[in-house]
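Observations on the three-dimensional arrangement
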Amino acid sequence: MHVSFMEVGLRGAAHIVYLLAFPFIDGKAALLGFVGAPWTIATYVVEGGMTNTYTNIKSMCYTAPNVLRGLLSHLAQAISDYIIYQVNSGAQCIQIFDSWGGQLPPHVWEQWSKPYIKQIVSRIKKECPHVPLVLYINGNGGLLERMKDTGVDVIGLDWTVDMADGRRRLGNGIGVQGNVDPAFLFSPLPVLTDEIHRVVKSAGPKGHILNLGHGVLQKTPEEAVAHFFGVTRSLRYDTLFQGSVAEELQPVA
């Protein structure tokens with residue numbers, strides 16, 4: 001099954017709209033829920049806000065590992081409870097944002113983030129087996145194979161990962177999401193159209209959720225967002241994959 005579009009990844013207050021909208025969508029749109037991953041939430045807790053260095057929580061891995069493990073375990077349980085609450089309130093798909101997981105070396109992410117995401121996924125798969133789970137990490141090019149091992153259904157790719165390369169690395173047993181660079185929404189509309197087509201063709205004819213590689217940037221022209229929706233809704237896969245571009249795509253391993 002191919003899903004051509006889930007939703008542009010709006011950030012911040014826009015997510016509240018998702019949670020408040022479900023009484024009114026009346027089966028006409030999917031309701032998306034979202035949560036932060038334990039490592040990302042712990043980053044805000046330990047650093048006290050945004051940071052460019054992550055030095056406090058990174059050093060905590062070695063100066064106070066037991067405290068950090070306790071915090072991450074507690075967050076994993078609370079996040080799981082929150083996902084179940086969202087599902088019971090109508091959410092039909094959940095995306096987990098490990099936004100700052102990409103700031104870790106892969107072997108450190110493997111130790112300090114992945115186990116707690118797996119803890120969440122395991123519980124949700126047991127209690128809400130019908131709900132697909134998406135995992136997104138900002139700057140995830142070095143983590144794709146490790147992300148797949150968490151057990152989620154879909155891996156979100158940011159725009160720094162070539163979609164065709166990501167597809168081959170992940171294989172055909174898992175869905176992919178993304179990965180149009182949000183900056184393309186500041187480009188001339190024909191350029192945005194071409195980039196949407198390129199990403200879709202690179203992802204292949206099934207198992208792809210067309211999306212931005214991250215959230216909509218501030219001051220993005222509204223007409224560009226509308227154009228993104230319009231182009232997406234106009235896609236026809238029986239014609240899009242005809243011709244040399246589709247034939248040149250390597251099969252997913």
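Please read these numbers as outputs of a predicted model, since none were measured by experiment.

Glancing now at the pairing of strand 3 (residues 133-136). Burial of strand 3 is two-sided: the residues Leu133 and Leu135 facing one way and the residues Val134 and Tyr136 facing the other way are all buried. In terms of strand pairing, strand 2 (residues 93-97) meets strand 3 through 4 bridges, oriented parallel. Bridged to Ile94 within strand 3 is Leu133.

Judged by pairing direction, the sheet is parallel, and its 6 strands sit side by side in the order 1-2-3-4-5-6 without closing on themselves. Only two strands of the sheet have a single neighbouring strand rather than two, namely strand 1 (32-36) and strand 6 (208-212). The sheet shows a mean angle of 25 degrees between the axes of neighbouring strands, direction not considered. Relative to strand 6, strand 5 (residues 175-180) runs parallel, the two sharing 5 bridges. Paired with Asn179 across the two strands is Asn211, which belongs to strand 6. Packing against the sheet, helix 4 (residues 65-88) makes contact with strand 1 and strand 2, and its axis sits at approximately 170 degrees to strand 1. Sitting on the sheet, helix 6 (residues 114-127) is in contact with strand 2 and strand 3, with an inclination near 170 degrees to strand 3.

Looking now at the pattern of salt bridges. In the structure shown here, the tally under the stated rule is 10 salt bridges. Between Glu127 and Arg123 there is a salt bridge, and its shortest N-O distance comes to 3.1 Å. A residue pair is termed a helical-turn pair when its members lie 3 or 4 positions apart in one helix, as Glu127 and Arg123 do in helix 6 at 4 residues. When the shortest N-O distance is used, the salt bridge between Asp165 and Arg169 registers 4.0 Å. Here Asp165 pairs with Arg169, and both are found in helix 8 (residues 163-170), just 4 residues apart, close to one helical turn. Note on Asp165: relative accessible area 31%, which makes it partly exposed. Several salt bridges converge on common partners, so that one network encompasses Glu110, Lys114, Lys118, Arg146 and Asp149.

Right, let's talk about the confidence of the model for the protein chain for a bit. When the pLDDT values of the protein chain are averaged, the result is 86; 85% of them are 70 or greater. For residues 1-24, every residue scores under 50 in pLDDT, and the model assigns this stretch 56 contacts once sequence neighbours within four places are set aside. Throughout residues 244-253 the model reports pLDDT below 50, and contacts reaching past four residues in sequence, or to other chains, amount to 14 contacts.

Feature annotation in UniProt assigns "domain: Uroporphyrinogen decarboxylase (URO-D)" (unreviewed entry) to the following positions: residues 32-48. Counting secondary structure, residues 32-48 comes out at 59% helix and 29% strand; the distance between its end C-alpha atoms is 28 Å.

In this section: the packing of aromatic side chains. Using the criterion set out here, one finds 5 aromatic pairs in the structure. Aromatic side chains Tyr54 and Trp100 sit 5.8 Å apart centroid to centroid with 50 degrees between the ring planes, which places their arrangement in the tilted category. In this pair, Tyr54 sits in the loop between helix 2 (38-47) and helix 3 (55-63) while Trp100 sits in the loop between strand 2 and helix 5 (106-112), placing the two residues 46 residues apart along the sequence. Accessibility assignment for this pair places Tyr54 and Trp100 in one class, buried. For the pair Tyr82 and Tyr85, a centre-to-centre distance of 6.4 Å together with 15 degrees between the ring planes defines the contact as stacked. Pair noted here: Tyr82 and Tyr85 are both in helix 4, with a separation of 3 residues, about one helical turn.

It is the contact of helix 8 with helix 9 (residues 189-203), at a shortest axis distance of 8 Å, that shows an interaxial angle of 20 degrees. Looking at the two axes, helix 8 sits roughly parallel to helix 9. As helix 8 runs across helix 9, the sense of the crossing is right-handed. Contacts between helix 8 and helix 9 pair Met163, Ala164 and Arg167 from the former with Val199, Ser202 and Ala203 from the latter. Taken together, the residues of the contact of helix 8 with helix 9 sort by class into 4 nonpolar, 1 polar and 1 charged.

On to the environment of Gly141, then. Relative to the helices and strands, Gly141 is located in the loop between strand 3 and helix 7 (144-148). Taking relative accessible area as the criterion, Gly141 reaches 25% and is therefore assigned partly exposed. It is 8.1 Å that separates the C-alpha atoms of Gly141 and Asp158, two residues lying 17 residues apart in sequence. In contact with Gly141, other than residues within four places in its own chain, are Val161 and Arg169.

What counts, and at which threshold
Residues numbered from 1 in each chain as written. Predicted model: local features only at pLDDT ≥ 70, side-chain atom pairs only at ≥ 80, totals over all residues. Heavy atoms only, no water. Buried < 20%, exposed > 50% of the residue type's maximum accessible area, 1.4 Å probe, protein only. Helix = DSSP H or I, 4+ residues; strand = E, 2+ residues; numbered from the N terminus. Pairing = 2+ DSSP bridges. Axes fitted to C-alpha atoms, helices over the stretch in contact; angles between N-to-C directions. Contact = heavy atoms within 4.5 Å. Salt bridge = Lys/Arg side-chain N within 4 Å of Asp/Glu carboxyl O. pLDDT = per-residue confidence, 0-100. UniProt positions renumbered as here; feature names shortened; annotations may be inferred. Phe/Tyr/Trp six-rings, centres within 6.5 Å; stacked < 30°, edge-to-face > 60°. Parallel < 35°, antiparallel > 145°, perpendicular 65-115°, else oblique. Left-handed = near helix turned anticlockwise from the far one by under 90°. Nonpolar A, V, L, I, M, F, W, Y, C, P; charged D, E, K, R; others polar.

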